[in-house]
Amino acid sequence: MSAAAEPAPPRLSLNQETVRQWSLPELVAGCAAAGVGAVGLWRDPVRAFGVRKAAKLVAGAGLRVSSLCRGGFFTAADPVGRAAALEANRRAVEEAAELGAGTLVLVSGGLPGGERDLVGARSRIADVLGELAPWAAAHGVRLGIEPLHPMYASDRCVVSTLGQALDLAEQFPEEQVGVVADSYHLWWDERLPVDLRRAGEGGRIVSVQVADWVTPLPAGVLLGRGQLGDGSIDLRGFRKLADAAGYRGPVEVEIFHPGLWARDGAEVLREVIDRYREHVE
């Protein structure tokens, strides 16, 4: 049975990067035809299309924006870099608000060149959030700190575990800052059940994302996220842990993989829906 004949699972959200080969109108039309009710968007293609136009397009198709990615990169040690990061993130908040995205995903940033002080870098994240979080809340946008796998700590994200993300988020009111739980980044951590429960008890889970872990990793590692069911992660178990913690929102399929981008987008979406049913739902 085709994806169009059998609507997609109600909680499934398709992240834009999973079908990067599609334009924004193609993404919206494809998801609407397949019965996918929500999309996760990325700032660069949305800005290229036009934020206001994108908001109108998505809403006109009856879709919701589950998240906007990404803000963050808060770890600059110098005042000029800090001010630039704050200003860039204010623009990201405005874009999220225009799109109706309740969550702006934050990738916090790696170590500045020549530095080795992880603790200091994390403290600078909290400093910027102290100014950004109330401003975002005033725009109806909640910030979601996403921990990334430790292999990204040097250049992309010094927040590597859900516990570290919660330590930051809990410095602010729950309606201002939460956490993003992504299977690809967190599946390996033995503290995941405990930390997800802690996040749920505090009302901090703002987004759940899924992709699989497939080895060997490619050069550069960023584009190695696997199709659902192709790797080592118990994806249904991950989703159940989030549900047990009280999460009831969209489950966003976010896969960066050139092999998927080289294929027909509609075919990839049908496969995602089938794999989601088989391995996540």
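Here is what the cut-offs are and how they apply
Residues numbered from 1 in each chain as written. Predicted model: local features only at pLDDT ≥ 70, side-chain atom pairs only at ≥ 80, totals over all residues. Heavy atoms only, no water. Buried < 20%, exposed > 50% of the residue type's maximum accessible area, 1.4 Å probe, protein only. Helix = DSSP H or I, 4+ residues; strand = E, 2+ residues; numbered from the N terminus. Arc of directions from axis to C-beta. Contact = heavy atoms within 4.5 Å. Core = buried A, V, L, I, M, F, W, Y, C linked by side-chain atoms within 4.5 Å. Polar contact = N/O pair within 3.5 Å; in protein donor to acceptor, adjacent residues only side chain to side chain. Axes fitted to C-alpha atoms, helices over the stretch in contact; angles between N-to-C directions. Left-handed = near helix turned anticlockwise from the far one by under 90°. Nonpolar A, V, L, I, M, F, W, Y, C, P; charged D, E, K, R; others polar. Pairing = 2+ DSSP bridges.

1. As for helix α3 (residues 51-60)
Point 1. Residues of α3 that are buried include every one of V51, A54, A55 and V58, and no others. Down the axis of α3, the buried set is contained in an arc of 100°. They therefore lie on one face. Residues of α3 that are exposed and point over 90 degrees away from its buried face: R52, K53, K56 and G60.
Point 2. The secondary structure elements touched by the buried residues of α3 are α1 (24-34), β2 (38-42), α2 (43-49), β3 (64-72) and α4 (79-99).
Point 3. Residue G62 follows α3 closely and has a positive phi angle near 80°.

2. So, the nonpolar core
Point 1. Among the nonpolar cores identified, the biggest contains 84 residues, and L27, V36, L41, L99, L143 and I145 are the most heavily contacted of them.
Point 2. In terms of residue count, helix α5 (residues 118-138) provides more of this core than any other element does, eight residues in total.
Point 3. W42, C69, V180 and V206 belong to the second largest nonpolar core, which has seven residues in total.

3. Observations concerning the environment of R277
Point 1. Mapped onto the elements of the fold, R277 is located in helix α11 (residues 265-279).
Point 2. In this structure the C-alpha to C-alpha distance between R277 and P173, which are 104 residues apart in sequence, comes to 35 Å.
Point 3. With sequence-adjacent residues up to four places away left out, R277 is seen in contact with E6, P7, A8, P9 and R236.
Point 4. From its side chain, R277 meets the backbone oxygen of P7 in a polar contact 2.7 Å long.

4. Overview of the packing of helix α8 (residues 192-201) against helix α9 (residues 235-244)
Point 1. With their axes 8 Å apart at the nearest point, α8 and α9 run at an angle of 35° to one another. Seen from above, α8 lies across α9 with right-handed handedness. Contact residues: L192, P193 and L196 in α8; F238, L241 and A242 in α9.
Point 2. Tallied by class, the residues present in the contact of α8 with α9 amount to six nonpolar, no polar and no charged.

5. With respect to the sheet that holds β3
Point 1. Taken in spatial order, the eight strands close into a barrel running β1-β2-β3-β4-β5-β6-β7-β10, and their pairing is parallel. For this sheet, the mean angle separating the axes of adjacent strands, direction not counted, is 30°.
Point 2. Across four bridges, the pairing between strand β6 (residues 177-182) and strand β7 (residues 205-210) is parallel. When the sheet's bridge partners are listed, A181 is paired in β7 with V208.

All quantities given are derived from atomic positions and should not be read as evidence of function.
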